[in-house]
Amino acid sequence: MAHDPKDHRHAEHDHDHDHHHHSHDGDHHHWDSKSYVADWIKRDLSRRGERRPFLDRLVAAVPFPRDAAIEVLDVAGGSGVVTDAVLAAFPRAKITLQDYSEPMLERARATFAGRGPQVRCVLCDLRDAAWEATVGGPFDLAVSGIAIHNLNDMAAIAACYQAVRRLIKSGGCFLDYDHFDRVGGVPLHQYTLKVAGFSRVETIWQQFPSAVVKADA
């Protein structure tokens, strides 16, 4: 689930629940604060069970063999909840974990320290167009967890989807677990992903206000 201390919150820092994210307008989170992030992660542990069905479905929808050495981008990955789930299922994956909160990335670096170059953490903000070049690529797979909706407006979300599409190789896909119903609703996000250039978009799991959406490149 790119941050900006006052903007998005991702796959881990979300205001009212699961994952931190990008909340740009009037955000009350303090993702630049180590103590705030530490407290948030501690509280977040109690919500892991709620997210598990979504994460399981996201991972199950990855269209690659489990032993494939896939290149993965975790958009607004926070401390690495989605990255951890992907690595558990795809142990040879190489993951670029992007976020805009340095304290969150510090946690991620500590969590994945034993993975060496298999997990690369990149600090950049989804509202800055330069994030696309900063993360590198191209990637076989992009994932995100409860993050992108916190950009808060569909224009910013559409720009993010377009960048993600450009970063994914032909034949790859984007799997997004998010609170789509909090900004626009699932149908609008599906349409926006198609406009961004994804060839096929489907909802593979939904439980208001959340869903897992798969977009094929």
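What you are looking at is a predicted structure, and each value in this text was computed from that prediction instead of being measured.

> Could you give me a rundown of the sheet that holds strand 4 (residues 94–99), with the residues and numbers involved?
In space, the seven strands of this open sheet follow the order 5-4-3-6-7-9-8, with mixed pairing throughout. Of all the strands in the sheet, just strand 5 (119–123) and strand 8 (200–207) have a single pairing partner and so form its edges. For this sheet the average axis-to-axis angle between neighbouring strands, irrespective of direction, equals 15°. Relative to strand 6 (residues 139–145), strand 3 (residues 71–75) runs parallel, the two being bridged by four bridges. Paired with V75 across the strands is S144, a residue of strand 6. Taken strand by strand, helix 4 (residues 102–111) contacts strand 4 and strand 5, and its axis lies near 170° from that of strand 5.

> Tell me what's going on with the packing of helix 6 (residues 154–167) against helix 7 (residues 186–195), and back it up with residues and numbers.
Where helix 6 meets helix 7, the closest approach of the two axes is 9 Å, and the angle between their N-to-C directions is 45°. With respect to each other, helix 6 and helix 7 are oriented oblique. The hand of the helix 6/helix 7 crossing is right-handed. Contact with helix 6, carried on its side by M154, I157, A158 and Y161, involves L188, H189, T192 and L193 of helix 7 and no other residues of that element.

> Run through the pairing of strand 9 (residues 210–216), naming residues and quoting values.
In terms of burial, strand 9 is a largely internal element, seven of the seven residues being buried. Alternating residues of strand 9 divide into S210, V212, K214 and D216 and A211, V213 and A215, and every residue in both groups is buried. Two elements, strand 7 (residues 168–178) and strand 9, share six bridges in a ladder whose sense is antiparallel. Among the inter-strand pairings, L175 is bridged to a residue of strand 9, identified as K214. As paired elements, strand 8 and strand 9 share seven bridges and run antiparallel to each other. Each residue of the ladder has a partner; that of R200, found in strand 9, is D216. The turn joining strand 8 and strand 9, which pair antiparallel and follow one another in sequence, is formed by two residues.

Criteria and thresholds
Residues numbered from 1 in each chain as written. Predicted model: local features only at pLDDT ≥ 70, side-chain atom pairs only at ≥ 80, totals over all residues. Heavy atoms only, no water. Pairing = 2+ DSSP bridges. Helix = DSSP H or I, 4+ residues; strand = E, 2+ residues; numbered from the N terminus. Axes fitted to C-alpha atoms, helices over the stretch in contact; angles between N-to-C directions. Contact = heavy atoms within 4.5 Å. Parallel < 35°, antiparallel > 145°, perpendicular 65-115°, else oblique. Left-handed = near helix turned anticlockwise from the far one by under 90°. Buried < 20%, exposed > 50% of the residue type's maximum accessible area, 1.4 Å probe, protein only.

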